[in-house]
Number of protein chains: 2
Amino acid sequence: MPVTITIADIERAQQRIDGLVHETPVFSSTVLNDWLGHEIFFKAECLQKIGAFKARGACNTLAWLIENNAQPERIIANSSGNHAQAVAWAAQQFNLPATIYMPGYSSKVKIQATRAYGATVELCEDRFIVDEKVKIAATEKGVYWIPPYNHPQVIAGQGTIMLEALQQVDNIDAVFAACGGGGMLSGSIISTHALSPKTKVMGVEPLNANDAAQSLRMNAIQKLTAVPDTIADGAMTLSVGDITFKYLQMLEEMYEVEEEKICYWTQWLTHLLKLRIEPTCAMTMEGVVRWLRTQKSKQRVMVILSGGNIDQRTQMSLWEQDYLDLQPQL
Amino acid sequence: MPVTITIADIERAQQRIDGLVHETPVFSSTVLNDWLGHEIFFKAECLQKIGAFKARGACNTLAWLIENNAQPERIIANSSGNHAQAVAWAAQQFNLPATIYMPGYSSKVKIQATRAYGATVELCEDRFIVDEKVKIAATEKGVYWIPPYNHPQVIAGQGTIMLEALQQVDNIDAVFAACGGGGMLSGSIISTHALSPKTKVMGVEPLNANDAAQSLRMNAIQKLTAVPDTIADGAMTLSVGDITFKYLQMLEEMYEVEEEKICYWTQWLTHLLKLRIEPTCAMTMEGVVRWLRTQKSKQRVMVILSGGNIDQRTQMSLWEQDYLDLQPQL
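Residues numbered from 1 in each chain as written. Chains lettered and ligands numbered in written order. Predicted model: local features only at pLDDT ≥ 70, side-chain atom pairs only at ≥ 80, totals over all residues. Heavy atoms only, no water.

A.B. asks: Provide a residue-level description of the overall build of chain A, including the pertinent values.
C.D. replies: In terms of helices and strands, chain A carries 14 helices and 10 strands. Its C-alpha atoms give chain A a radius of gyration of 19 Å, within 12% of the compact-globule value 20 Å for 330 residues. Structurally, chain A occupies a C-alpha span of about 60 × 45 × 40 Å along its principal axes. Counting every position in chain A, which comprises 330 residues, the buried fraction comes to 62%. Taking the contacts inside chain A whose residues are at least 6 apart along the sequence as the reference set, 75% of them involve residues at least 24 apart. Counting every atom, chain A has about 12,900 Å² of accessible surface; 48% of that belongs to carbon and sulfur. Once the 28 positive and 35 negative side-chain charges of chain A are each reduced to a mean point, those two points are 3 Å apart. (Helix = DSSP H or I, 4+ residues; strand = E, 2+ residues; numbered from the N terminus. Rg over C-alpha atoms; globule rule 2.2 N^0.38 Å. Buried < 20%, exposed > 50% of the residue type's maximum accessible area, 1.4 Å probe, protein only. Contact = heavy atoms within 4.5 Å. Areas by Shrake-Rupley, 256 points an atom, 1.4 Å probe, with all protein chains shown as cover. Lys, Arg positive; Asp, Glu negative; His and termini not counted. Charge placed at Lys NZ, Arg CZ, Asp CG, Glu CD.)

A.B. asks: Lay out the domain arrangement of chain A with the relevant residues and their values.
C.D. replies: Residues and elements named next belong to chain A. One can read the domain layout of chain A as domain 1 (7–53 + 152–318) and domain 2 (54–145). On a C-alpha basis, the centres of domain 1 and domain 2 stand 23 Å from each other. Counting each side, the surface lost to burial between domain 1 and domain 2 is near 2,000 Å², with a carbon and sulfur contribution of 58%. Linking domain 1 with domain 2 are 4 salt bridges, by the criterion used here. Our enumeration of links across domain 1 and domain 2 arrives at 14 residue pairs in polar contact (both at pLDDT 80 or more). Of all the elements in the fold, those that place two or more residues in the side of domain 1 that touches domain 2 are helix H1 (7–17) and helix H7 (152–168). Top element by residues in the side of domain 1 that touches domain 2 is H7. It accounts for 8 residues. Split by residue class, the side of domain 1 that touches domain 2 holds 10 nonpolar, 8 polar and 8 charged. (Domains from an automatic or database assignment. Buried area = accessible area lost by both parts, 1.4 Å probe. Salt bridge = Lys/Arg side-chain N within 4 Å of Asp/Glu carboxyl O. Polar contact = N/O pair within 3.5 Å; in protein donor to acceptor, adjacent residues only side chain to side chain. Nonpolar A, V, L, I, M, F, W, Y, C, P; charged D, E, K, R; others polar.)

A.B. asks: Let's hear about the relation of the copies chain B and chain A: which residues, and what values?
C.D. replies: In the superposition of chain B on chain A (RMSD 0.0 Å, axial shift 0.0 Å), the rotation amounts to 180 degrees. What the superposition gives is, in effect, a two-fold axis relating one chain to the other. Within chain B, the C-alpha atom positioned nearest to the axis of rotation is that of Leu275 of chain B, 2.2 Å from it. A share of 100% of the interface residues of chain B reappears at the interface of chain A, consistent with the copies meeting face to face through the same patch. (Least-squares fit on C-alpha atoms with pLDDT ≥ 70 in both.)

A.B. asks: Tell me about the pattern of salt bridges, and name the residues and values.
C.D. replies: Applying the stated criterion to the full structure yields 26 salt bridges over all chains. Two residues, Glu286 of chain A and Arg290 of chain A, come together in a salt bridge whose shortest N-O distance is 3.0 Å. With Glu286 of chain A and Arg290 of chain A both in helix H13 (residues 284–292) and 4 residues apart, this pair spans about one turn of that helix. Judged by relative accessible area, Glu286 of chain A falls into the buried class, the value being 5%. For the salt bridge of Glu164 of chain B with Lys43 of chain B, the shortest nitrogen-to-oxygen distance reads 2.6 Å. Residue Glu164 of chain B is located in helix H7 (residues 152–168), and its partner Lys43 of chain B is located in strand S2 (residues 39–44); the two are separated by 121 residues in the primary sequence. The two residues Glu164 of chain B and Lys43 of chain B agree in class, both being buried.

A.B. asks: Could you give me a rundown of the packing of aromatic side chains, with the residues and numbers involved?
C.D. replies: The description of an aromatic ring pair rests on the distance of the ring centres and on the angle between the ring planes. Scanning all chains against the criterion turns up 10 aromatic pairs over all chains. Each ring, one from Tyr264 of chain A and one from Trp265 of chain A, has its centre 5.2 Å from the other, and the planes form 85 degrees; the classification is edge-to-face. The two residues Tyr264 of chain A and Trp265 of chain A agree in class, both being buried. A connected cluster of aromatic rings, assembled from ring pairs, spans Phe176, Tyr255 and Trp291 of chain A. For the cation-ring pair, Lys261 of chain B lies above Tyr264 of chain B, with the distance from its terminal atom to the ring centre recorded as 5.8 Å. (Phe/Tyr/Trp six-rings, centres within 6.5 Å; stacked < 30°, edge-to-face > 60°. Lys NZ or Arg CZ within 6 Å of the ring centre and 35° of its normal.)

A.B. asks: A description of the sheet that holds strand S2 (residues 39–44) of chain A should follow, citing residues and the corresponding values.
C.D. replies: All names here are of chain A. Overall, mixed pairing links the 6 strands, which are arranged S1-S2-S10-S7-S8-S9 in an open sheet. Sheet topology places strand S1 (26–27) and strand S9 (253–257) at the edges, where each strand pairs with a single neighbour. Looking at chain direction, S1 and S2 are connected through 2 bridges and run antiparallel. Its bridge partner being in S2, Phe27 is matched across the sheet by Phe42. Sheet strands in contact with helix H8 (residues 183–195) are strand S7 (174–178), strand S8 (200–206), S9 and strand S10 (300–305), and its direction is about 170 degrees off that of S8. On top of the sheet, H13 reaches S2, S7, S8, S9 and S10; it is set at about 145 degrees to S7, its chief contact. (Pairing = 2+ DSSP bridges. Axes fitted to C-alpha atoms, helices over the stretch in contact; angles between N-to-C directions.)

Printed below as a string of structure tokens:
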């Protein structure tokens, strides 16, 4: 039986996580709007708890377990990034112990933050060992494994981003969000289709990690055979999940973005919005301008700024070249 | 007759600029508060129009001129930084032509932004020629020169930051702000002393550009003899003004900060708050922790994040070393 997530699931998720996560603000840049001749709204999930939208899905999953009298004795997760921090933080909110399996090469800042939320961090040699260990641990009694995207309650939690955004700004013509495992995009599609059926939802992926675009072209989930070389580390996922793929197939379009365009937009959005944003979400702007170039009338676009966790090495490669010399235009 | 600015001047300034500048949000970091054991509030002027508090003073000065039937035919200013953009932006709000004299070595992003607000930019060989040209231009009929800090209405405009902040958060024990020419600090002292007399106001300056600290020690304005070598470019001013010096003498303390501490706090505040902030305002945190180390009870501190305009070269030197490995503590 196929898993279906409804707008009612997302509305219940919003009630569950209310007061635990932030209602994040929506920003816009007068200068950018003038340059492009359209209205762009930025949903600042980089200002969310733990600095990324992942707090919503992790928190909702835990709250849903407790609501259903299925409170686990221990939470586990496997991640090298924002999901690690999100699960650690969510477990702390509900006073549950958490163990997070992370590859040893994860950034120190993320390991440090995960520990700061009270989780036990198990450092493993590589991602394959991480994934193996979490699977074994998940079979233990009382343990619950929160996966990063392919889970109905994780998707319902991420769906609260657009539910909230459409309560904040109306008459949105198109929504753009980055594609990693597809959890945020799936949730955005469900919320947007339900509340604003005319609004288009579009995904954006690094060209160097375009498993979702390939999967959509082949009409079957494609898995990357090696860790992709992209600065958009939140979109390095090797493949989407079976639940998220079903929703990704409802996307209007999936844009694939070159590495230098990712850096270009990260520099410019950081500069114009004064927010710290990950390359993974800044790249969506390249999708936005490509789409706007095909539009004849003035459009109102919502861009989800999914997170703001960047380590020092990424900062250095991000700012190596100066892209601020070349002003954005259509 | 000495120039005196009162809380009434600042309250009038707030009414004048209402609707033109943003009421900026106040942020805090749960993680940082846990680590330090105190409550720190950050007034995010980096999210102000033009990305810095300077919009307030420039806007107030122009609105005040118009209110007093002294609307000039042309506005001029000399600056290599945020004041250039602020005056250009403010002039645009009132449909007045503006000419900004800038040194040719100013960052391209700032020149570009100043032009984007509709101002004519006159690039000069160096800062000395800039200052000479603006003085000559100021003698022309119908021209009004808005100086960067030593002007009662500029100071009254900057005073609205703390007027607003004290309306947003109460029971603040201490306020910390960076010292460039002293306009923001002067305004903060006037507002804070009037509205919350028990609250201490403290200044922070780069050790490498410590003309204000030297002036306070000598009890007379000291002028740096060369352009100081600091990453905190907003605090590179060679000397404070006669009006601002009078107010700076009312400060509780002036902290002087080493360059590596400036980078340390810029990395950490960027990381924790997910905001793009200039080294000039991040350095205030070093003053905060030095002061907190002397405190026995839990304190509530307001830090003014004055701006968020950073060019690519500064980004590169800022992130060259990884300071995120060393967690902040008292």
